[in-house]
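Close look at the chain arrangement
What follows is the residue order along each chain.
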Amino acid sequence: MVHVLSSRTLLRPSDPERSRTFYGEQLGLSVYREFGTGPERGTVYFLGGGFLEVSGRSDGPPSPAVRLWLQVEDVTAAGEELRARGVEIVRPALKEPWGLVEMWIADPDGTPIVLVEIPSDHPLRYRPGI
């Protein structure tokens, strides 16, 4: 069995400084650590129970298979705060058929980010009889 101590998602943006501005200033993620020097230096952000590392540079578009799923306490409040910081809302908050409230944004390279609110009565929080 592999004993995982920590994990992180790695992104290789096309413009590292623009992505650091997005994740650090617009999204408001706190910095866990930074490493290296220059424009392609690495920045690791706290991401709830994990980390997001933005480092290096990519010459191509992001993989369409990559998505970030971020649980927030209140999607509506998060949306208002993000709009005030200049973040474009790709899809406004909607309650999905599966009961979660989701709002979609994207990072500067187009990587989809789903902000999710889990209602207090949702089975992810509470399952009767257990």
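Along each chain, residues carry numbers from 1 onward, in the same order as the chain's sequence is written. Per-residue local features of the predicted model are confined to residues with pLDDT of at least 70, and side-chain atom pairs are confined, for both listing and counting, to 80 or more; whole-chain, interface and lining totals are unaffected and use all residues. As a rule here, side-chain values cover all heavy atoms of the structure and leave hydrogens and water aside.

Naming follows an unreviewed UniProt entry, where the protein appears as VOC family protein of Streptomyces musisoli.

1. A closer look at the pairing of strand β8 (residues 112-117)
Burial status follows relative accessibility: with a 1.4 Å probe on protein chains alone, a residue under 20% of its type maximum counts as buried, one over 50% as exposed, and anything between as partly exposed. Counting from the N terminus, the helices are DSSP H or I runs at least four residues long and the strands are E runs at least two residues long. The element β8 is largely enclosed, with a buried count of 5 among its 6 residues. The pairing of strand β5 (residues 68-71) with β8 spans 4 bridges and is classified as parallel. Each bridged residue has a counterpart across the sheet, and for W69 the counterpart in β8 is V114. Sheet analysis places strand β7 (residues 101-106) next to β8, joined by 6 bridges and oriented antiparallel. Note that in β8 the partner of I105 across the bridge is I113. In this analysis, strands are considered paired if DSSP registers two or more bridges between them.

2. Some remarks on the side chain of E117
For E117, the location among the structural elements is in strand β8. Residues counted as positive are Lys and Arg, residues counted as negative are Asp and Glu, and His and the chain ends are not counted. A pair is scored as a salt bridge if a Lys or Arg side-chain nitrogen falls within 4 Å of a carboxyl oxygen belonging to Asp or Glu. Despite being buried, E117 has no salt bridge partner; R125 is the closest side chain of opposite charge, sitting 7.1 Å away. Setting aside its immediate chain neighbours within four residues, E117 contacts V72, E73, D74, V75, T76, L100 and V101. In this analysis, two residues are considered to be in contact whenever any of their non-hydrogen atoms come within 4.5 Å of each other.

3. Some thoughts on the nonpolar core
The nonpolar core is taken to be a set of buried Ala, Val, Leu, Ile, Met, Phe, Trp, Tyr and Cys residues, with the residues joined through side-chain atoms within 4.5 Å. One finds Y23, L27, L52, I105 and I113 to be the most contacted residues of the largest nonpolar core, which totals 20 residues. For this core, the secondary-structure elements that each account for two or more residues are α1 (16-26), β3 (42-47), β4 (50-54), β5, α2 (75-84), β7 and β8. Here this core gets 3 residues from one element, more than from any other, and that element is β7. For I105, the contacting residues outside a window of four places in its chain are F22, L27, L82, V87, E88, I89, V90, T111, P112, I113 and L115.

4. Considering the pattern of salt bridges
Per the stated rule, a full pass over the model turns up 8 salt bridges. Among the salt bridges present, the one from R12 reaches E53, with a minimum N-O distance of 4.0 Å. Here E53 lies in strand β4 and R12 lies in the loop between β1 (8-11) and α1, a separation of 41 residues in the sequence. On the basis of relative accessibility, which here comes to 7%, the residue E53 falls in the buried class. With its nearest N and O atoms 2.7 Å apart, the salt bridge here joins R85 to E81. Looking at R85, the relative accessible area reads 33%, which means it is partly exposed.

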